[in-house]
Amino acid sequence: MITQAIVRKPCNAIINALTTSDMGPPDYQAALSQHAAYTDALRDCGLDVIELPADENFPDSTFVEDVALLTPQCAILTRPGAPSRTEEVIAMAPVIQEYYESVEIIDAPGMLDAGDILLAGEHYYIGLSTRTNRAGAEQLINILSRYGMTGSVVRLNTVLHLKTGMGYLDNGDMLVSGEFTDKPEFTAFHQIHLPSEEAAAANCLLINGTVLMPEGYPRARKMVEAQGYPVKTIDISEFEKLTAVSAACPCVSDTLNTGDNMQRTDTVKHISWIADKWRHRITGVITTLLLALSSVAGTASADVKHLTFATIKNSVNSQISFQVIREAYRKLGIEVDADYLPASRSLMMAGYGQYDGELYRIAGITEDYPTCYRFPPLLTGWR
Ligand code: CIR
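Here is a short report on the structure shown in this document.

Scoring rules and cut-offs
- Residues numbered from 1 in each chain as written.
- Predicted model: local features only at pLDDT ≥ 70, side-chain atom pairs only at ≥ 80, totals over all residues.
- Helix = DSSP H or I, 4+ residues; strand = E, 2+ residues; numbered from the N terminus.
- Buried ≥ 20, exposed ≤ 12 C-beta atoms within 10 Å, placed from the backbone.
- Expected span 1.5 Å × (residues − 1).
- Arc of directions from axis to C-beta.
- Pairing = 2+ DSSP bridges.
- Axes fitted to C-alpha atoms, helices over the stretch in contact; angles between N-to-C directions.
- Core = buried A, V, L, I, M, F, W, Y, C linked by C-beta atoms within 7 Å.
- Domains from an automatic or database assignment.
- Contact = placed C-beta atoms within 7 Å.

Observations regarding the overall build of the protein
Check the secondary structure of the protein and you find 11 helices and 21 strands. A burial count over the protein gives 46% of its 383 residues as buried.

A closer look at helix 1 (residues 28-44)
Between the first and last C-alpha of helix 1 there are 24 Å, a value that for 17 residues agrees with the 24 Å anticipated at 1.5 Å per step. Where helix 1 is concerned, the buried positions are Ala-31, Gln-34, His-35, Tyr-38 and Leu-42. One face of helix 1 carries all of its buried residues, which in axial projection span an arc of 105 degrees. Relative to its buried face, helix 1 has exposed residues pointing more than 90 degrees away, namely Gln-29, Ser-33, Asp-40, Arg-43 and Asp-44. Gly-46 lies just past helix 1 and shows a positive phi near 90 degrees.

Some remarks on the sheet that holds strand 13 (residues 210-214)
With mixed pairing, three strands are arranged side by side in an open sheet as 12-13-14. Strand pairing shows two members of the sheet lacking a second neighbour, strand 12 (205-207) and strand 14 (231-234), which therefore form its edges. For this sheet, the mean inter-axis angle between neighbouring strands, taken without regard to orientation, is 30 degrees.

Section: the nonpolar core
Judged by nonpolar contacts, the single largest core of 93 residues is most densely connected at Ala-68, Leu-77, Met-92, Ile-96, Leu-175 and Ala-202. It is helix 2 (residues 89-99) that contributes the most residues to this core, seven residues altogether. Shared between two domains, this core holds at least three residues of each, these being domain 1 (4-267) and domain 2 (273-382).

Some details on the environment of Val-67
With respect to the secondary-structure elements, Val-67 resides in the loop between strand 2 (48-52) and strand 3 (68-70). Looking at Val-67, the number of C-beta atoms within 10 Å reads 35, which means it is buried. C-alpha separation for the pair Val-67 and Gly-115, spaced 48 residues apart in sequence, amounts to 8.5 Å.

Regarding the sheet that holds strand 7 (residues 123-128)
Ordered by their spatial adjacency, three strands build an open sheet running 6-7-8, and the pairing between neighbours is mixed. The sheet is open, and its two edges are formed by strand 6 (117-120) and strand 8 (150-155), each paired on a single side. Strand after strand, the sheet turns through a mean of 30 degrees between neighbouring axes, direction not considered. Taken strand by strand, helix 3 (residues 134-146) contacts strand 7 and strand 8, and its axis lies near 160 degrees from that of strand 8.

Structure follows, in structure tokens:
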């Protein structure tokens with residue numbers, strides 16, 4: 001049973017979103033109403049829909065599917081392969097963290113778009129595409145295996161994402177088109193071969209017994225209905241303008257399942273624009289400590305004897321901060337150590353709760369990184 005879905009409203013900048021199609025830019029108002037209808041369709045399938053606001057920083061941000069893979073055991077924040085999309089993950093990370101205790105990250109040099117990941121039965125197929133490289137796929141397979149799940153790669157030739165050209169329903173039923181019709185990886189499935197002019201219909205999703213399918217593919221619809229699945233079609237023509245080779249639903253795979261039997265999900269990584277965003281706020285620099293809310297702040301007690309903080313490597317200020325923090329905690333009977341990491345990774349990992357906190361950040365940073373809480377006393381500072 002799938003219980004929840006995450007969607008993000010299209011932004012005005014969607015007219016500048018990535019595409020290689022020749023269908024022209026989408027109409028913003030039409031995209032908004034199609035997205036609203038899509039959201040309603042998810043609700044009609046019984047889902048509680050978490051609607052995120054439009055994010056003008058990222059023209060493609062409505063395609064939330066690509067930035068995370070949500071599995072029954074853990075969420076995996078991806079590292080999207082298109083440079084303009086790599087940092088979309090930042091805004092999604094705190095949302096995901098609300099629902100998952102275990103959040104993993106795909107790291108450079110890995111690249112991975114979750115649109116390249118298809119769960120068929122219990123196994124994750126990972127498309128090697130222009131957006132997903134072998135390093136990203138291997139990281140994902142390692143993460144999956146740590147949680148008792150399996151994954152393997154499939155090489156793509158023409159489609160943007162694996163799920164642009166194929167979809168999985170239930171009971172071994174698989175929708176295939178184009179390059180996927182003769183892939184040896186999928187011969188054991190019951191394949192429903194879609195006609196080439198209706199290949200885009202493969203990008204559909206089975207939610208609690210109903211197949212959501214893009215509108216305008218009557219033959220594909222009949223083929224799926226003939227297998228006993230009720231089909232509901234949704235008009236996603238404005239979004240079809242933004243996907244290469246053939247169409248992909250905007251967020252049709254963006255289901256987040258937090259029920260007992262969590263099944264498959266996809267959703268929502270990176271940093272550097274953050275530095276620009278925050279630079280203007282630096283009127284004075286302070287040394288401060290950010291506590292990751294999901295770790296130390298949630299468990300602080302007299303039992304805490306050891307804390308590990310993340311901090312920025314090659315930074316003299318971080319090293320000084322660490323000495324100050326270490327001395328302060330020593331007086332409380334708590335030993336601390338620090339891992340020195342690239343600046344953005346340090347902040348992200350602390351924010352995901354993988355560290356007890358983060359050392360030495362500018363004032364105001366928590367406005368943009370709400371899972372961190374700034375420890376109020378100023379430890380060192382200068383102007
Ligand atoms: C892109 O090129 O990244 C977007 N314009 C389309 C992404 C489609 N993703 C998906 O269906 N999972």
